[in-house]
Amino acid sequence: MKRRLITFWRIIHAGIVNFIRNVTLAVAAMAVMVVTLTIVLFSIITNATFINTIASITNKIDISVFLKDTDTTAQTQQLITRIKKLPNVKAVSYFDKAAALRQYVLQNKGNQQLLAAINETSNPLPATILIKPIDLNKIQDIKNFLGNPDVASLQSDQPSYSGDRKAAIDKITHATDVLRQIGVITVVVFTFICALIIFNTIQMAIFNRREEINIMRLLGASTTYIRGPFIVESVIYGLLSAVFSVLIINSAFLASSNALQASSLGLLDINYANQYFDAHFWQLLTIQLVLGIVLGAVSSTIATRRYLKFKTK
Amino acid sequence: MILLDRVTKKYPRSGGGSALDRISLHVDPKEFVIVIGQSGAGKTTLLRLLTREERPSTGKIIVGGIDYDKLKDKNIPLLRRKIGVVFQDFKLLPNKTVFENVAFALEIVGVSSREIKHTVPKVLEIVNLKGKENSYPRMLSGGERQRVAIARAIVRQPRILIADEPTGNLDPKHAWDVIKVLEKINRYGTTVLLTTHNQDIVNKLKRRVVTIKNGKVVSDRANAGYKS
């Protein structure tokens, strides 16, 4: 037990000392790792920001159910209760005729002619129930419910989710779905490329020191004793690179808010990205650390394997 | 202590020739054997077989009671810990100091730090490297590097010491210092197998001399000189 502890401590110590003594190689390897990890972090934040943008678009989409003037309050309340019980309904709000008119006037306050025309007639707008769905892709069940004869008989017109508007909503729904998938694929692809580049970098660093491995082998060092310090060294690379990548993104946000005074960059909502980064700082740092450390450890384990093999012929 | 029985080593690209051709050799415990032969005769191949860097094409090797045919890969480090080797090209770890290079041989067998601090300076004194403890190999002369390699090979007090041209880079005075160290540890009971080109050393040592030519043992004589 004591001997194992001594060996463990020696491996850690050798890894740290090697890191310091091979500082040039370490800086070169870490530079590559910092760049790739920063790209991964950037893609995670960008993806989250796009998802937020998509969510705010889809949040604006709702279904309006136009009621008949002859519907009783009891019928309306009963309908609202039934709609609320549907599984894909996030929120239901009700506007009686007067509220619907106030809303309409508010929306068209620039159009004096229209307002004058409205004033001359009695309130032409129907009472309306607004339904916010949870998932736009699963809107069919709400549509089916509204199409039931007993529910349809209470409506003065087709629900808003029909005709031209339906086509538009379907297009947006489809587009947001594709964008979400692209976001996830982008993060996965970047992470994969990052893994390959980091693996290659560490492999190059260890290739430069293959003779050291060979010497240690000839002196009778065990596989763990030779490989251990290389893993420790690569873990230090990963750890520091992860911290640097987070610092770079942090500095980039500071620069964009201070210098650019911009709230968005094309489709990218910088304000939200910044908020997301602040709110998820520790999670993102953890992801980067885990990614850096795991990739460092796995890469060095695989890269040393080739030089640790004994000749079999 | 060392037994080679009709050992042949062929390399796939050597055009059918053998680096070693049915070599048989028996070295007793505590014996001091000098292997001589021209460059390319097969001396280094012989040593590489003994350290299990290479495997023989045919034949049997037993060192310190370990039959190489039955030696599993995972036990090769254990074999190498029993043998001290001075390599012709030193094989020092470039990023470790002189002290650390010698200490490494002890670290891998789990010797305590206190014992390492006690033993390493003594061995460095034997090979006349006192004051060079904190130097890196790149800062040393060829002779000094050679002596670090010797210190590393003897620090574990191995039962078998294999030295491949350990005096190759040394002036006559330092060469004799090295030979004296080898004789000393041989007196303490270590079996020594030495390869050299140095006729003077061979003639003065008056030990068993094995001559290899074209991969074959052409003579094996006790108390022999270089040309006797």
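For clarity, every value in this text was computed on a predicted model and none was experimentally measured.

Cut-off values and rules
- Residues numbered from 1 in each chain as written.
- Chains lettered and ligands numbered in written order.
- Predicted model: local features only at pLDDT ≥ 70, side-chain atom pairs only at ≥ 80, totals over all residues.
- Helix = DSSP H or I, 4+ residues; strand = E, 2+ residues; numbered from the N terminus.
- Rg over C-alpha atoms; globule rule 2.2 N^0.38 Å.
- Contact = placed C-beta atoms within 7 Å.
- Buried ≥ 20, exposed ≤ 12 C-beta atoms within 10 Å, placed from the backbone.
- Arc of directions from axis to C-beta.
- Nonpolar A, V, L, I, M, F, W, Y, C, P; charged D, E, K, R; others polar.
- Domains from an automatic or database assignment.
- Pairing = 2+ DSSP bridges.
- pLDDT = per-residue confidence, 0-100.
- Axes fitted to C-alpha atoms, helices over the stretch in contact; angles between N-to-C directions.

## A short note on the overall build of chain B
Then step 1. Along chain B, the regular secondary structure elements total seven helices and 10 strands.
Then step 2. Computed over its C-alpha atoms, the radius of gyration of chain B comes to 17 Å, within 12% of the 17 Å expected for a compact globule of 228 residues.
Then step 3. Along the first, second and third principal axes, the C-alpha atoms of chain B reach 50 × 40 × 35 Å.
Then step 4. Taking the contacts inside chain B whose residues are at least 6 apart along the sequence as the reference set, 68% of them involve residues at least 24 apart.

## A word on helix 11 (residues 270-279) of chain A
All names here are of chain A.
Then step 1. Those residues of helix 11 not exposed but buried are Ala273, Asn274, Tyr276 and Phe277. Looking straight down helix 11, one finds its buried side chains confined to an arc of 160°; they lie on one side. Pointing more than 90 degrees away from the buried face of helix 11 are the exposed residues Asp278 and Ala279.

## A short note on the interface of chain A and chain B
Then step 1. On the side of chain B, 19 residues touch chain A, which itself brings 19 residues to the contact.
Then step 2. The set of elements that each furnish at least two residues to the side of chain A that touches chain B consists of helix 1 (2-21) and helix 9 (210-218) of chain A.
Then step 3. Top element by residues in the side of chain A that touches chain B is helix 1 of chain A. It accounts for six residues.
Then step 4. Partitioning the side of chain A that touches chain B into residue classes produces seven nonpolar, six polar and six charged.

## Re the domain arrangement of chain A
Then step 1. In terms of domains, chain A is made up of domain 1 (2-57 + 174-308) and domain 2 (63-159).
Then step 2. Inter-centroid distance (C-alpha atoms) of domain 1 of chain A to domain 2 of chain A is 53 Å.

## Details of the sheet that holds strand 5 (residues 66-67) of chain B
Residue and element names in this part refer to chain B.
Then step 1. Taken together, the four strands give an open sheet; going across it, the order is 2-1-4-5, and neighbouring strands pair in antiparallel fashion. Two strands bound the open sheet, and with one partner strand each, they are strand 2 (18-27) and strand 5.
Then step 2. Note that strand 4 (residues 58-63) and strand 5 share two bridges and pair antiparallel. Note on strand 5: the bridge partner recorded for Ile62 is Asp67.

## Topic: the confidence of the model for chain B
Then step 1. Summing up the model confidence of chain B, the mean pLDDT is 89 and the portion of residues at 70 or higher is 96%.
Then step 2. Scoring of the predicted complex yields 0.77 for pTM and 0.89 for ipTM.

## A word on the sheet that holds strand 3 (residues 128-133) of chain A
All names here are of chain A.
Then step 1. Pairing within the open sheet is antiparallel, and its three strands lie in the order 1-3-2. Edge strands, defined here as strands with exactly one partner in the open sheet, are strand 1 (63-66) and strand 2 (89-95). Mean inter-strand twist for the sheet, computed between neighbouring axes without regard to direction, equals 20°.
Then step 2. Contacting strand 2 and strand 3, helix 3 (residues 73-84) crosses the sheet at an angle of about 165° to strand 2.

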